[in-house]
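Here are the chains, one letter per residue:
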2 protein chains.
Amino acid sequence: MTLNPVLDRIDSDLDASINRLMELLRIKSISTDPAYAADCQTAADWLVADLQSFGIDASKRETPGHPMVVGHVPGDGPHVLFYGHYDVQPVDPLNLWHRDPFDPAIEDVDGVRMIRGRGASDDKGQLMTFVEACRAWKAVHGTLPCRITFFFEGEEETGSPSLVPFMKEFADELRADLALICDTSMVAPGVPSIASQLRGMLKEEFTLIGPKMDLHSGHYGGTALNPLHAISDIVSSFHDSTGRVSVEGFYEGVHPLPDELKRQWENCGFDEDDYLGSVGMSKAHGEEGFSTLELQWARPTLEVNGLWGGYNGKGSKTVIPSEAHCKITCRLVGDMEPDHVRAAVRKHVEDRLPQDASVRWDNDVDGAKAAVMNIARPEFEAARQALSDEWNREAVFVGMGGSIPIAGLFKDILGMDAMLIGFAQDDDRIHSPNEKYNVESFHKGTRSWARVLEALSRK
Amino acid sequence: MTLNPVLDRIDSDLDASINRLMELLRIKSISTDPAYAADCQTAADWLVADLQSFGIDASKRETPGHPMVVGHVPGDGPHVLFYGHYDVQPVDPLNLWHRDPFDPAIEDVDGVRMIRGRGASDDKGQLMTFVEACRAWKAVHGTLPCRITFFFEGEEETGSPSLVPFMKEFADELRADLALICDTSMVAPGVPSIASQLRGMLKEEFTLIGPKMDLHSGHYGGTALNPLHAISDIVSSFHDSTGRVSVEGFYEGVHPLPDELKRQWENCGFDEDDYLGSVGMSKAHGEEGFSTLELQWARPTLEVNGLWGGYNGKGSKTVIPSEAHCKITCRLVGDMEPDHVRAAVRKHVEDRLPQDASVRWDNDVDGAKAAVMNIARPEFEAARQALSDEWNREAVFVGMGGSIPIAGLFKDILGMDAMLIGFAQDDDRIHSPNEKYNVESFHKGTRSWARVLEALSRK
């Protein structure tokens, strides 16, 4: 089966491909907010119907949370599983979007065409690059070059609570030779990238409780414990003045970056000035003594993602609130154990509680270890070659600052290695207002998968 | 004119008096939230009509904000102005109320009858004690023992922006021999109290701005400035480990407590264990080395009343927010100058901004100096005697932790001393869910004013 007609078909079908993606983007599948549970069902139904429309045996599979979508293409070639997620992040603050996040459109910004909307990049646009590549193969050749299992989930943005039970229950159905994941970005515009290591993730949330009730700051100012002061002291204690996390035992399992990897990363095309400058930073603000790429890919973090308490409406309220709240995520590297980090963070907070304060832990979702890919497998070099051909630029093995816990789960539960190839760009504003996905990412991403499938079929 | 028939009339009219207060409590006059502007008008209208109903020449007076209510009773006796406010604090968090805050009712809690509802104590209930005392005088004697000016405002909970211009414009109309204010509490249950010093107030609010946009904590965790970390560092730096405010120059104008006052306060009936224990505190959390009463009445504070940024909904969002926000109030004592404190706080914050962060100051409302009353005036001793008669307990001169800027303004603008007598209790939960006012406070408060007016008429 020849590749070129498939690539031609992708080119000629691009407008229709974008229109299909737009349909999916209009579905408000925000997984973290129960108000959008029905939209998650709708997104799953849409994907089942779309896979079926070009002959894939696909079905929606219920879970205690949002449903999975599983599809099968039998065949003789190597067996790959493709994973993506159809759920998206919340859209607040809505007033910072310049259009309705769920009314996507193509915009032309300084000559760059981009698809604007929540999920355009993370992960609906990326997911659809693979689906469109398969559609083109089927249209041209009536079949696919590999045996393929499609596996889409709708809880990636909320820690995938249903994923492990589902993978365990349907392990035999899901197991393949290799997992393909499209949820990562390119290290620089036009530089095709295969992620060889990903940070893990631990989520925590706590409420610090002081006075029994909200108090008047005239009657109790200067005498009652103010939970907002206490929580600020604790958050401030998480890092020392060099940016290092001060939680005792936090760095257990963190290894120095091998010199070979350090050299590769120095030459991978990463544009530090653009990465920092585009978001208004004049320097990297993490631990001193590490390069910006090391900080992003190879160092652990403890970041507060939400902090609140007291009055935040218009005007003022002279209140000492009873409670203050903090949401945290830690990014994990190397052999850091999520449960160990959780215990260390909780001990750090509890050791610093002032007299008359108590803490309630509001999150018990399991964390995920960091993942390091097995790039010695021949499929990695084959894919690297296919990507280099498409982009006319040597593809590189890179790290990733984000967390895609499923890569580790495929290994742990199904014994499968994973290969992470993505076409997002760092300026895609994922998780932020005005998320976008370049049309080039979508188009050449689709072509890339067509090439990768062909390359894998020869392994 | 004899006093006893007036007191009898107050007793027999109590149920009707409470019903009138209930009508006023049902009006949602939350001054800080523009959504309730019409309710503030309704409250002013209600007061005008109520004063008119027993023959007071009262009118609503528009301002750029919420209206004033002014009423006049001519007469030959000494001329007093009575001040109160009809606006109330917001009611959030609503779920902590055990009844609708604007559907007041009398509740019996362990044998203590109390009026439950927003504003029951602060300040509608207190304001109505004076109105009811005047109504009883008029009903019994057809006249009042003093010349009286009623002056109610609707912006006390928002810093009274219209007050100074109004007082300046209508200075001749408002000027009296002495101002009476009912917006304070008793130092202990059953101990009648005249406030001889009040803390001043400065409100501040700032936004700390870091990255240009919200960022993904995977892509930028460990490299971008996190405004939630930066604002926690700053809030944490406001106090040292002994509870002292660390802002340079903050304590300028703070004087040691005179020994004589210290002795008086030690014997004023203040129940420290109840004050702290009733809100879950095992100790006072302010500056070390001061008694709890000194901390509450005679020491300045810097309290954070609101702190927020990032995601605070259900679930998690791996965001590094662009902005973090902080609302502050400072309580001022002695000769502290609000403008000086504002400049010192701003400098403290600006000096601690990390690289790549900026600050926006979101509040420019003028502060108010602390107020010290002129208790050498004979009216103070006369009122103290009248209160002692009503409560069968020696009335005391006390400090107050709260801020009632109008006391200072009456002096500065109208040249009037003020006398602050209130019947609230520390457990009234003002500014909190489940605010209440004891029926005894309301009843004996009304009787107290009847006695005070009679005593003043003899001066």
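Residues numbered from 1 in each chain as written. Chains lettered and ligands numbered in written order. Predicted model: local features only at pLDDT ≥ 70, side-chain atom pairs only at ≥ 80, totals over all residues. Heavy atoms only, no water.

Observations regarding the UniProt feature "domain: Peptidase M20 dimerisation" (unreviewed entry) in chain A
What counts is decided by this rule: UniProt positions are given in the numbering used here, feature names are shortened, and annotations may be inferred rather than shown by experiment. Only DSSP runs of H or I covering at least 4 residues are called helices, and only runs of E covering at least 2 are called strands; the numbering of each starts at the N terminus.
Per the UniProt record, the feature "domain: Peptidase M20 dimerisation" (unreviewed entry) sits at residues 211-356 of chain A. With 31% helix and 16% strand, the stretch residues 211-356 of chain A has end C-alpha atoms that lie 8 Å from each other.

Some thoughts on unusual backbone geometry
To keep things clear, this is the line we draw: Categorising residues by exposure relies on relative accessible area from a 1.4 Å probe, with only protein chains included: less than 20% of the type maximum marks a residue as buried, more than 50% marks it as exposed, and the intermediate range marks it as partly exposed.
Residue A:D123 is reached from A:D122 by a cis peptide bond, and omega for that bond is 5°. Looking at where A:D123 falls in the secondary structure, it is placed in the loop between β5 (112-116) and α4 (124-141). Look at B:N434: it is not a glycine, yet its phi comes out positive at around 65°. Relative to the elements of secondary structure, B:N434 occurs in the loop between β17 (417-422) and β18 (436-438). Classification of B:N434 as buried rests on a relative accessible area of 8%.

Describing the sheet that holds strand β4 (residues 105-109) of chain A
Residue and element names in this part refer to chain A. What counts here: The pairing criterion for strands is at least two bridges between them, as found by DSSP. Here the axes come from fitting lines to C-alpha atoms, over the contacting stretch only for helices, and the angles between their N-to-C directions go from 0 to 180 degrees. Two residues qualify as a contact provided that any one of their heavy atoms is within 4.5 Å of a heavy atom in the partner residue.
Taken in spatial order, the three strands make up an open sheet running β4-β5-β18, and their pairing is antiparallel. Every other strand in the sheet has two partners, leaving β4 and β18 (436-438) as the edge strands with one partner each. Pairs of neighbouring strands in the sheet enclose a mean axial angle of 35°, with direction left out of account. In the sheet, β5 pairs with β18 via three bridges, with the strands oriented antiparallel. Residue pairing for β18: R116 is matched across the bridge by K436. Each of β4 and β5 touches helix α2 (residues 14-25); the most contacted strand, β5, lies at about 35° to it. Contacts between helix α14 (residues 439-457) and the sheet are confined to β4, β5 and β18, with β18 contributing the most and set at about 55° to the helix.

Side note on the interface of chain B and chain A
In many reports, interface size means the accessible area that the parts give up when they come together. What counts here: By convention, the term buried area covers the 1.4 Å-probe accessible surface removed from two parts as they join, with the contributions of both added. Take a side-chain nitrogen of Lys or Arg and a carboxyl oxygen of Asp or Glu: if they are within 4 Å of each other, that pair is a salt bridge. Whenever two N or O atoms come within 3.5 Å, that pair is a polar contact, provided that in protein one can donate a hydrogen and the other can accept it, and provided that, for residues adjacent in sequence, both atoms are side-chain atoms. Ten residue types, Ala, Val, Leu, Ile, Met, Phe, Trp, Tyr, Cys and Pro, are classed as nonpolar, four, Asp, Glu, Lys and Arg, as charged, and the remainder, Gly among them, as polar.
Taken together, the contacts link 85 residues of chain B with 85 residues of chain A. Regarding the contact of chain B and chain A, the summed buried area is about 7,500 Å², with carbon and sulfur atoms giving 50% of it. Sorting the residues of chain B by area buried against chain A places B:H219, B:T223 and B:K317 first, and these three jointly supply 9% of that buried surface. Taken together, the links from chain B to chain A amount to zero salt bridges. Inspection of the region where chain B meets chain A yields 58 residue pairs in polar contact (both at pLDDT 80 or more). Top element by residues in the side of chain B that touches chain A is strand β11 (residues 301-310) of chain B. It accounts for 10 residues. When grouped by side-chain class, the residues that make up the side of chain B that touches chain A number 28 nonpolar, 40 polar and 17 charged.

What about the domain arrangement of chain A?
Residue and element names in this part refer to chain A. Note the cut-off: Domain delimitation in this document rests on an assignment produced automatically or drawn from a domain database.
According to the domain assignment, chain A consists of domain 1 (4-198 + 370-457) and domain 2 (200-254 + 300-361). One C-alpha centre belongs to domain 1, the other to domain 2, and the line joining them spans 36 Å. On the domain 2 side, the residues contacting the eight residues of domain 1 number seven residues. For the pair domain 1 and domain 2, the summed buried area comes to about 460 Å², and 44% of that belongs to carbon and sulfur atoms. Three residues, A370, G401 and S403, lead the burial of domain 1 against domain 2; their summed loss comes to 72% of the area buried on that side. Where domain 1 packs against domain 2, one counts zero salt bridges. For the pair domain 1 and domain 2, the number of links is two residue pairs in polar contact (both at pLDDT 80 or more). Its residues placed into classes, the side of domain 1 that touches domain 2 shows two nonpolar, five polar and one charged.

Focus on helix α2 (residues 14-25) of chain B
Stated precisely, the cut-off is as follows: Multiply 1.5 Å by the residue count of a helix minus one, and that product is the helix's expected span.
For α2(B), which comprises 12 residues, the first-to-last C-alpha distance of 16 Å matches the rise-based estimate of 16 Å (1.5 Å per residue) to within 8%. Buried residues along α2(B) sit against α1 (4-12), α3 (37-53), β4 (105-109), β5 (112-116), α4 (124-141) and α15 (439-457) of chain B.

Focus: the sheet that holds strand β9 (residues 200-209) of chain B
If you trace the eight strands from one edge of the open sheet to the other, you get β14(A)-β9(A)-β13(A)-β11(A)-β11(B)-β13(B)-β9(B)-β14(B), paired in antiparallel fashion. On the outer flanks of this sheet lie β14 (358-361) of chain A together with β14 (358-361) of chain B, each paired with one strand and no other. If you compare each strand with its neighbour and ignore which way they point, the axes differ by 25° on average. Note: strand β9 (residues 200-209) of chain A against strand β13 (residues 323-332) of chain A, 10 bridges, orientation antiparallel. Across the sheet, the residue bridging to A:E204 is A:I328, located in β13(A). Strand contacts of helix α7 (residues 227-237) of chain A: β9, β11 (301-310) and β13 of chain A together with β11 of chain B, with the helix running at about 60° to β11(B), the strand carrying the most contacts.

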